[in-house]
Every structure is written in structure tokens, then in C-alpha cells.
Amino acid sequence: MAGLVNTLLIIDAIVMIAFVLLQSGKSAGLSGAISGGAEQLFGKQKARGMDLVLHRGTVITGTLFFVLAFISGYLV
């Protein structure tokens, strides 16, 4: 059982890395973070299309990662 959970944890981590790397950047580097990054953070911009799918996939795989990590720690 522990081997199955650890295998699922590794697969989930790889998928989550792919989701994060495929997302587009939200700011224009360091200057965007200093001058106007907060506007995008608190603004009402909605993700659409592929960005929305990648964002939701990242949230789901991140949550699954933590659940599997806790289960893995409990089984070991």
C-alpha cells in the first residue's frame, strides 16, 4: 500500500510541475512586482481558456499532493 501511495505521489508531483511550468507569467519581472504586481493580485482579472484549466489543475494537484504526503507519512 505504501508503494502505491508513493508512486501516486511521484506522478502527482510531475504533473503539478508540468502545470506550473506551462502557466503564463502574471507580472513583468521585478519591475512589475514593485510597481504594479499588487494590481493584478487584487484585481478582477479572470483567467480564461487554457490559463483557467492550468490554474485549476495546479490547485487540484497541489491539494492531492498534500493529501498523499500525509497518507504516505501515516503509512510509513
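The structure displayed is predicted, hence computed values, not measured ones.

Colleague: Honestly, the environment of Leu 21 in this entry has me stumped. Any pointers?
Modeller: Along the chain, Leu 21 falls in helix H1 (residues 2-22). Considering only alpha carbons, one finds Leu 21 and Leu 54, 33 residues apart in sequence, at a separation of 9.6 Å.

Colleague: Quick question: what am I supposed to make of the packing of H1 against helix H4 (residues 50-75) here?
Modeller: The geometry of a pair of packed helices is captured by two quantities: the angle between their axes and the separation between those axes. Axis separation between H1 and H4 bottoms out at 9 Å; the angle between their running directions is 155°. Considering the angle they form, H1 stands roughly antiparallel to H4. In the crossing of H1 with H4, the sense of the turn from one axis to the other is left-handed. Contacts between H1 and H4 involve Ala 2, Val 5, Asn 6, Leu 8, Leu 9, Asp 12, Ala 13, Val 15, Met 16, Phe 19, Val 20 and Leu 22 from the former and Leu 54, Gly 57, Thr 58, Thr 61, Gly 62, Leu 64, Phe 65, Leu 68, Ala 69, Ile 71, Ser 72 and Leu 75 from the latter. Among the residues forming the contact of H1 with H4, the class breakdown is 17 nonpolar, six polar and one charged.

Criteria and cut-off values
- Position numbers for residues count from 1 along each chain, tracking the sequence in the order it is written.
- Restriction of local features to residues with pLDDT of at least 70 applies here, the model being predicted, together with a cutoff of 80 or more for giving and counting side-chain atom pairs; totals for whole chains, interfaces and linings are based on all residues.
- Hydrogens and water are ignored here; the side-chain numbers use all heavy atoms of the structure.
- Secondary structure elements follow DSSP: runs of H or I no shorter than four residues count as helices, runs of E no shorter than two count as strands, and numbering proceeds from the N terminus.
- Convention adopted: a line fitted to C-alpha atoms gives each axis, helices being fitted over their contacting stretch, and angles between N-to-C directions are expressed from 0 to 180 degrees.
- What sets the label is the angle itself: under 35 degrees gives roughly parallel, over 145 gives roughly antiparallel, 65 to 115 gives roughly perpendicular, and the rest give oblique.
- By convention, the crossing between two helices is left-handed when the near helix turns anticlockwise from the far helix through less than a right angle, and right-handed when the turn is clockwise.
- Pairs of residues are marked as contacts when any of their non-hydrogen atoms sit within 4.5 Å.
- Side-chain classes are defined by residue name, with Ala, Val, Leu, Ile, Met, Phe, Trp, Tyr, Cys and Pro counting as nonpolar, Asp, Glu, Lys and Arg as charged, and the others, Gly among them, as polar.

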